Amino acid sequence: PLSPTTGMTVSTPPAPVCLKRCCHSPEANMRPDGAGRLIIRNRDCDTWIEPGKIPATDSELVKGIMDRARKIMPNLEEIPPETVRVGVRAIPADAISIVGFDPQVVGFYSVVTHSGITLSARLALLVTEDLTGGDVAELQPYRPSRFPRP
(Lines give C-alpha, C1' and ligand atoms only; values in the text may rest on other atoms or scores of the structure.)
Protein backbone atom coordinates (compact mmCIF):
# COMPACT_ATOMS: atom_id res chain seq x y z
CA PRO A 1 0.00 0.00 0.00
CA LEU A 2 2.87 2.37 -0.77
CA SER A 3 3.33 5.07 -3.34
CA PRO A 4 7.11 5.47 -3.56
CA THR A 5 8.37 8.82 -4.81
CA THR A 6 11.81 10.04 -5.77
CA GLY A 7 13.15 12.99 -3.85
CA MET A 8 16.30 15.08 -3.79
CA THR A 9 18.05 16.96 -1.00
CA VAL A 10 20.97 19.35 -1.08
CA SER A 11 23.23 19.77 1.93
CA THR A 12 25.53 22.66 2.72
CA PRO A 13 28.88 22.80 4.44
CA PRO A 14 28.80 24.53 7.84
CA ALA A 15 26.98 27.81 7.28
CA PRO A 16 26.64 31.06 9.27
CA VAL A 17 22.97 30.52 10.06
CA CYS A 18 21.13 29.77 13.26
CA LEU A 19 18.37 27.46 12.10
CA LYS A 20 17.23 25.31 15.01
CA ARG A 21 13.99 23.88 13.60
CA CYS A 22 12.46 22.79 10.33
CA CYS A 23 11.54 25.62 8.01
CA HIS A 24 8.81 25.02 5.41
CA SER A 25 8.05 27.62 2.78
CA PRO A 26 6.90 27.74 -0.84
CA GLU A 27 10.50 28.51 -1.82
CA ALA A 28 12.34 25.75 0.03
CA ASN A 29 12.20 23.42 2.99
CA MET A 30 15.22 23.44 5.27
CA ARG A 31 16.34 21.76 8.44
CA PRO A 32 19.52 21.76 10.51
CA ASP A 33 21.80 18.76 9.95
CA GLY A 34 24.39 19.20 12.69
CA ALA A 35 27.73 20.99 12.73
CA GLY A 36 26.13 24.06 11.12
CA ARG A 37 25.06 22.21 7.98
CA LEU A 38 21.61 22.49 6.41
CA ILE A 39 19.51 20.06 4.39
CA ILE A 40 17.53 21.88 1.70
CA ARG A 41 14.84 20.64 -0.65
CA ASN A 42 12.00 21.84 -2.76
CA ARG A 43 9.17 19.54 -3.78
CA ASP A 44 8.85 21.12 -7.25
CA CYS A 45 12.43 20.16 -8.07
CA ASP A 46 11.69 16.48 -7.48
CA THR A 47 9.75 16.38 -10.75
CA TRP A 48 12.89 17.34 -12.67
CA ILE A 49 15.03 14.50 -11.36
CA GLU A 50 16.10 11.96 -13.95
CA PRO A 51 15.74 8.41 -12.61
CA GLY A 52 19.10 6.92 -11.65
CA LYS A 53 20.96 10.22 -11.94
CA ILE A 54 22.24 12.46 -9.18
CA PRO A 55 22.63 16.08 -10.29
CA ALA A 56 26.05 17.64 -9.86
CA THR A 57 26.42 20.30 -7.18
CA ASP A 58 27.05 22.86 -9.96
CA SER A 59 23.99 21.85 -12.02
CA GLU A 60 21.24 24.34 -12.82
CA LEU A 61 18.78 22.29 -10.76
CA VAL A 62 20.93 22.50 -7.63
CA LYS A 63 21.69 26.18 -8.26
CA GLY A 64 17.93 26.76 -8.44
CA ILE A 65 17.35 25.08 -5.09
CA MET A 66 20.13 27.11 -3.49
CA ASP A 67 18.72 30.34 -4.98
CA ARG A 68 15.32 29.54 -3.47
CA ALA A 69 16.91 28.91 -0.06
CA ARG A 70 18.81 32.19 -0.28
CA LYS A 71 15.53 34.08 -0.68
CA ILE A 72 14.67 32.89 2.82
CA MET A 73 18.19 33.04 4.31
CA PRO A 74 20.27 35.67 2.52
CA ASN A 75 23.38 34.75 4.57
CA LEU A 76 23.58 31.56 2.47
CA GLU A 77 24.68 33.75 -0.46
CA GLU A 78 28.31 32.65 -0.33
CA ILE A 79 27.60 29.08 0.81
CA PRO A 80 27.92 26.48 -1.96
CA PRO A 81 26.08 23.16 -2.01
CA GLU A 82 28.21 20.39 -0.52
CA THR A 83 26.33 17.23 -1.50
CA VAL A 84 23.26 16.15 -3.44
CA ARG A 85 21.32 13.06 -2.53
CA VAL A 86 18.55 11.37 -4.47
CA GLY A 87 16.48 8.63 -2.90
CA VAL A 88 13.15 6.90 -2.89
CA ARG A 89 10.72 7.74 -0.11
CA ALA A 90 8.25 5.11 1.03
CA ILE A 91 5.03 7.06 1.26
CA PRO A 92 1.72 5.41 2.16
CA ALA A 93 -0.58 5.32 -0.88
CA ASP A 94 -3.32 7.24 0.97
CA ALA A 95 -0.76 9.63 2.55
CA ILE A 96 -1.76 8.46 6.04
CA SER A 97 0.75 6.71 8.31
CA ILE A 98 0.78 2.91 8.44
CA VAL A 99 1.50 1.45 11.88
CA GLY A 100 1.12 -2.10 13.10
CA PHE A 101 1.38 -5.79 12.40
CA ASP A 102 0.63 -6.91 8.86
CA PRO A 103 -2.37 -9.25 9.05
CA GLN A 104 -0.93 -11.45 6.28
CA VAL A 105 2.71 -11.69 7.38
CA VAL A 106 3.24 -13.24 10.79
CA GLY A 107 5.48 -11.14 13.01
CA PHE A 108 5.93 -8.29 10.52
CA TYR A 109 5.40 -4.88 12.16
CA SER A 110 5.79 -1.72 10.13
CA VAL A 111 5.84 2.00 10.71
CA VAL A 112 5.67 3.95 7.47
CA THR A 113 5.00 7.67 7.38
CA HIS A 114 5.85 10.72 5.36
CA SER A 115 5.64 12.81 8.53
CA GLY A 116 8.46 11.17 10.45
CA ILE A 117 10.15 14.36 11.51
CA THR A 118 6.98 15.65 13.16
CA LEU A 119 5.44 12.37 14.35
CA SER A 120 8.50 10.35 15.41
CA ALA A 121 8.40 11.15 19.11
CA ARG A 122 4.71 10.33 19.44
CA LEU A 123 4.93 7.26 17.23
CA ALA A 124 7.86 5.95 19.29
CA LEU A 125 5.74 6.02 22.44
CA LEU A 126 2.69 4.48 20.76
CA VAL A 127 4.69 1.75 19.01
CA THR A 128 6.49 0.89 22.26
CA GLU A 129 3.14 0.50 24.00
CA ASP A 130 1.76 -1.48 21.06
CA LEU A 131 4.71 -3.88 20.97
CA THR A 132 4.63 -4.48 24.71
CA GLY A 133 1.02 -5.62 24.66
CA GLY A 134 -0.87 -2.42 25.32
CA ASP A 135 -4.23 -1.70 23.70
CA VAL A 136 -3.46 1.40 21.64
CA ALA A 137 -6.80 2.63 20.32
CA GLU A 138 -5.12 5.76 18.95
CA LEU A 139 -3.37 3.60 16.30
CA GLN A 140 -6.51 1.88 14.99
CA PRO A 141 -7.03 4.26 12.00
CA TYR A 142 -3.43 3.63 10.93
CA ARG A 143 -3.37 -0.16 10.87
CA PRO A 144 -2.16 -1.96 7.70
CA SER A 145 -5.44 -3.90 7.68
CA ARG A 146 -7.21 -0.83 6.27
CA PHE A 147 -5.82 -1.66 2.84
CA PRO A 148 -7.78 -4.18 0.79
CA ARG A 149 -5.88 -7.36 -0.11
CA PRO A 150 -6.39 -9.49 -3.22
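This text gives an overview of the structure that appears in the document.

Cut-offs and rules
The numbers attached to residues start from 1 for each chain and follow its sequence in the written order. With the structure being a predicted model, the display of local features is reserved for residues of pLDDT at least 70 and the display and counting of side-chain atom pairs for 80 or more, all residues being used for whole-chain, interface and lining totals. The side-chain quantities take in all heavy atoms of the structure and omit both hydrogens and water. Between any two strands, pairing holds if DSSP finds at least two bridges. Working definition: helices are DSSP H or I runs of at least four residues, strands are E runs of at least two. Numbering for both runs from the N terminus. By definition, residues are in contact when any of their heavy atoms lie within 4.5 Å. Orientation is described by axes fitted as lines to C-alpha atoms, over the contacting stretch for helices, and by angles from 0 to 180 degrees between their N-to-C directions. Expected helix span is computed as 1.5 Å times (number of residues minus one). For a residue, the bend is simply the angle between two axes, fitted respectively to the seven-residue segment ending there and the seven-residue segment starting there. Relative accessibility under 20% of the residue-type maximum defines a buried residue, over 50% an exposed one, and the middle range a partly exposed one, all with a 1.4 Å probe and only protein chains included. Whenever Lys or Arg places a side-chain nitrogen within 4 Å of a carboxyl oxygen from Asp or Glu, that contact is recorded as a salt bridge.

Within the open sheet, the five strands sit side by side as S2-S3-S4-S1-S5. Their pairing is antiparallel. Both edges of this open sheet fall to strand S2 (23-24) and strand S5 (83-89), since each of them pairs with a single strand only. Across four bridges, strand S3 (residues 29-32) lies against strand S4 (residues 38-41) in antiparallel orientation. Among the inter-strand pairings, asparagine 29 is bridged to a residue of S4, identified as arginine 41. Sitting on the sheet, helix H2 (residues 60-72) touches strand S1 (5-11), S2, S3, S4 and S5, and the angle it makes with S1 is about 65°.

Attention now goes to helix H3 (residues 116-131). Spanning 16 residues, H3 covers only 19 Å between terminal C-alpha atoms, well under the ideal 22 Å at 1.5 Å per step. Along its length, H3 shows its largest kink, about 40°, at arginine 122. Within H3, the full set of buried residues consists of Leu123, Leu126, Val127 and Asp130. Where H3 is buried, its residues meet strand S6 (98-101) and strand S7 (109-112).

This structure, assessed with the given rule, holds eleven salt bridges. Between glutamate 60 and lysine 63 there is a salt bridge, with the nearest N and O atoms lying 3.6 Å from each other. Note that glutamate 60 and lysine 63 are positioned in helix H2 at a spacing of three residues, about one turn of the helix. One salt bridge in this structure joins arginine 122 and glutamate 138, with 2.6 Å as the shortest N-O distance.

Moving on, we get to H2. Counted at 1.5 Å a residue, the expected span for H2 with its 13 residues is 18 Å, and the 19 Å between its end C-alpha atoms agrees. Of all the positions in H2, only Leu61, Val62, Ile65, Met66, Arg68, Ala69 and Arg70 are classed as buried. Turning to H2, the residues buried within the fold contact S1, S3, S4, helix H1 (43-46) and S5.

Bear in mind that shape data such as this cannot, by itself, settle questions of function.
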